[in-house]
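Spelled out, the chains give:
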Amino acid sequence: MSNINIDYERTGGFTTIKEYGDYLTEILAGLGENSPNGPGVNDIAAYISAACLRNSKIELKAENNTVNINLTNIRDSAVASAATSQELWKIAGEKDIKPNKSIVVPIQIVIKELNDALPPKIIFDSDLKDDDLGISNMRILIGDNSHSVIMDKATCNRIIDDNGEFTVEMGSAIGGGYIINFFDQNNERIEKLPAKVNFSIPAENAYDSVFTTSDGRDFNIGGIFDSSNKALEFKTNTSGLFKVKASVPEISDIGDLSEDEQKHIKLLVSKDYFATVGGRFRPYDQYTNYDAARAVSGILFTVDTEARAQYNDVDESDPQSMYVASIEEAGIKLYSDQGGLRFNGNSAVGLEDTFTMSLALLVDYKGYYLPDLGNDTDRPYASIYLNYPDIQYMKKASLGKLALGAREGIINDGMSLTKTENRFDRSSAAEFLYRLFERMCEVAPAKFDAGESGYKSSAAFYNPLATMRFDPPPIVYLYLGCFAVGLIFALLLWFMEKKHKIVNENAADAGGDDDYWNEY
């Protein structure tokens, strides 16, 4: 738990670097002789990033609901953000506080003068790839605080490499939700980008989840709830339909766990990072490689419904195979000897292995730095973060990740990693993964200031079926064919009955004339 307390209500009126700097100085002075702990340093980093967003805010006017983002119109914003970051980290540095991860320098862009005639479009100019502005990402607010595109620099560069100038479109869909489309410089729709883009859409609480549609089925892809801005953040690289649905699970067998543990399990189940069977979580069952594949692929938004597993012990008809295929497609390793012909999905995971492989994701995906373990090669575990009672039995290659987990408050470094009674059951794994989720999926700590113009998009303009691939299963075609044959047969019977009735009426009028009947 962080030992830093920041009052963001107080910062709401700040407009200058000095105001943010004076408050940061006050916060640090409140620690006395103490230093911020690992989570506290992350809170300072989040505060500095929030200051960058506020001080860099610019407004761009849309024309026909389209706005072009290029080096010219974001340069001043980038300069302001970089100056804010540099000055505030200088203040932190005077207290010998260094960041635990790569410094994030964001800018905030608010799109104004939207109308409801067309879906909003954002064009990213190809000159953004060559910038030297030093920013990490652009948070583009589409009229209000809860609709946004968050484009990080690395993703922008990869997309430009593949497509040149590109466009992101987000419009309301008939029946609810949002259609997200990507277009290349020739205005051709891109089905799948080389990297995932962050979006946010309105939501009510942490148990809400984003669902997407593939082959006529809805898939829960989770999402990160931003309570300050009432929004759910998620990532995708595919065009399609995305909806927010309430997803509070009913779980019958976790009542003996603490309130916090129950809350964390329900949150992870609501995002489909864990599965229940008949409303049972099975907290004391072993945590398996299948469980890990599902959780990690969900947290990283790497679930790919079209991926196919290559292991010969993973049945393609098994629902778990999608998660195994997804991590394989993304190049993610869950345990050190993963590979070859078998995945061993039902095998229990080892504590050391799952900790080190999972915490490596913080380094690879979020830019976290490993703690300094010192230069004593005879005692490589001599670190303030390595208090595990059996640390001497751990691999040297694991020590940095284990220290990282302890520094960030993800692992209790007083626990044994080798004793059999400390095997990783599903409830213990859920607690670990919840803390990992918090670090992997951080959101802005303060409310944005997009103003009151609001998100606008024509619901009538967008029919999701017009832009989505919807291939019904063969049984649907069988039903439709039977229905068509039945309809034709019914119409034929109705026509014959109607004709017979007319014949009878005409025959009666003719008085039974045989010549009349012979005409039919």
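Structure shown above.
What to know about the overall build of the protein
Phase 1: The helix and strand tally for the protein stands at 14 helices and 15 strands.
Phase 2: Per-residue burial over the protein gives 50% buried out of 520 residues.
Phase 3: Roughly 25,700 Å² of accessible area belongs to the protein as shown, and the carbon and sulfur atoms make up 49% of that amount.

Side note on the pairing of strand β3 (residues 106-112)
Along any regular strand the residues' side chains alternate between the sheet's two faces.
Phase 1: Burial runs high along β3: seven of the seven residues are buried.
Phase 2: Judged by which residues are buried, β3 turns out to be covered on both faces: Pro106, Gln108, Val110 and Lys112 on one side and Ile107, Ile109 and Ile111 on the other are all buried.
Phase 3: Note that strand β1 (residues 58-61) and β3 share four bridges and pair parallel. Bridge assignment links Ile58 to a residue of β3, and that residue is Ile109.

Considering the pattern of salt bridges
Phase 1: Within the structure shown, the criterion is met by 21 salt bridges.
Phase 2: The partner of Lys192 in a salt bridge is Asp304, with the nearest N and O atoms 3.1 Å apart. Placement of Lys192 in strand β10 (residues 192-202) and of Asp304 in the loop between α7 (289-299) and α8 (321-330) is noted, with a sequence separation of 112 residues between them.
Phase 3: Owing to a relative accessible area of 45%, Lys192 belongs among the partly exposed residues under this scheme.
Phase 4: Of the residues examined, Asp304 reaches a relative accessible area of 14% and is grouped as buried.

Digging into the side chain of Ser77
Phase 1: Among the secondary structure elements, Ser77 is positioned in helix α4 (residues 71-93).
Phase 2: In this view, Ser77 contacts Ser56, Ile58, Ile107 and Gln108; residues no more than four positions away in its chain are not counted.

Looking at the pairing of strand β15 (residues 240-246)
Phase 1: In the sheet, strand β8 (residues 178-183) pairs with β15 via three bridges, with the strands oriented antiparallel. Note on β15: the bridge partner recorded for Tyr178 is Phe242.

Things to note about the packing of aromatic side chains
Phase 1: All told, the structure shown has 18 aromatic pairs when counted by the stated rule.
Phase 2: Plain terms: the ring middles of Tyr20 and Tyr47 are 5.8 Å apart, the flat faces sit at 65° to each other, and that makes the pair edge-to-face. Here Tyr20, found in helix α2 (residues 17-29), pairs with Tyr47, found in helix α3 (residues 38-55); they are 27 residues apart in sequence, far enough to count as distant. By the burial criterion, Tyr20 is buried, and Tyr47 matches it.
Phase 3: Taking the centre distance of 6.1 Å and the plane angle of 40° together, the rings of Phe274 and Tyr287 count as tilted. Here the residue Phe274 occupies a position in the loop between α6 (259-270) and α7, and Tyr287 occupies one in the loop between α6 and α7, the gap between them amounting to 13 residues. Each of the two residues, Phe274 as well as Tyr287, counts as buried.
Phase 4: Here a set of aromatic residues connected by ring pairs shows up, and it is made of Phe274, Phe281, Tyr287, Phe355, Phe424 and Phe432.
Phase 5: Over the ring of Phe281 we find Arg426; its NZ or CZ atom is 4.5 Å from the centre of that ring.

Remarks on the sheet that holds β10
Phase 1: A sheet is described by the order of its strands in space; here seven strands give the open sequence β1-β3-β5-β6-β10-β14-β13, paired in mixed fashion. Here the strands that pair on one side only, and so sit at the sheet edges, are β1 and β13 (224-226). Taking the axes of each pair of neighbouring strands and ignoring which way they run, one obtains an average angle of 30° across the sheet.
Phase 2: Here β10 pairs with strand β14 (residues 231-238) via seven bridges, running antiparallel. Looking across to β14, one finds that Val197 is bridged to Thr236.
Phase 3: Each of β3 and β5 (137-142) touches α3; the most contacted strand, β3, lies at about 40° to it.

Overview of α4
Phase 1: With 23 residues, α4 extends 31 Å from end C-alpha to end C-alpha; this agrees with the ideal 33 Å at 1.5 Å per step.
Phase 2: Of all bends in α4, the biggest is about 25°, found at Ser77.
Phase 3: Residues Leu71, Ile74, Ser77, Ala78, Ser81, Thr84, Ser85, Leu88, Trp89, Ile91 and Ala92 constitute the buried set of α4.
Phase 4: Where α4 is buried, its residues touch α2, α3, β1, β2 (66-69), β3 and β5.
Phase 5: A distance of 3.1 Å separates the backbone nitrogen of Thr72 from a side-chain oxygen at the start of α4, and that oxygen is part of Asn70.

Points about unusual backbone geometry
Phase 1: In the Ramachandran plot, Lys230 falls in the positive-phi region, its phi being about 50° despite a non-glycine side chain.
Phase 2: The topology assignment puts Lys230 in the loop between β13 and β14.
Phase 3: One non-glycine residue, Phe301, lies in positive phi territory at about 55°.
Phase 4: With respect to the element layout, Phe301 can be found in the loop between α7 and α8.
Phase 5: Classification of Phe301 by relative accessible area gives buried; the value is 6%.

With respect to the environment of Val349
Phase 1: Following the sequence through the fold, Val349 ends up in the loop between α8 and α9 (351-366).
Phase 2: For Val349, a relative accessible area of 12% corresponds to the buried category.
Phase 3: Put simply, Val349 and Ala429 are 80 residues apart on the chain and 10.0 Å apart in space, counted from C-alpha to C-alpha.
Phase 4: In contact with Val349, other than residues within four places in its own chain, are Tyr287, Thr288, Asn289, Thr354 and Phe424.

What counts, and at which threshold
- Residues numbered from 1 in each chain as written.
- Predicted model: local features only at pLDDT ≥ 70, side-chain atom pairs only at ≥ 80, totals over all residues.
- Heavy atoms only, no water.
- Helix = DSSP H or I, 4+ residues; strand = E, 2+ residues; numbered from the N terminus.
- Buried < 20%, exposed > 50% of the residue type's maximum accessible area, 1.4 Å probe, protein only.
- Areas by Shrake-Rupley, 256 points an atom, 1.4 Å probe, with all protein chains shown as cover.
- Pairing = 2+ DSSP bridges.
- Salt bridge = Lys/Arg side-chain N within 4 Å of Asp/Glu carboxyl O.
- Contact = heavy atoms within 4.5 Å.
- Phe/Tyr/Trp six-rings, centres within 6.5 Å; stacked < 30°, edge-to-face > 60°.
- Lys NZ or Arg CZ within 6 Å of the ring centre and 35° of its normal.
- Axes fitted to C-alpha atoms, helices over the stretch in contact; angles between N-to-C directions.
- Expected span 1.5 Å × (residues − 1).
- Bend = angle between axes of the 7 residues up to and from the residue.
- Polar contact = N/O pair within 3.5 Å; in protein donor to acceptor, adjacent residues only side chain to side chain.

Just distances and angles here, no functional claims.
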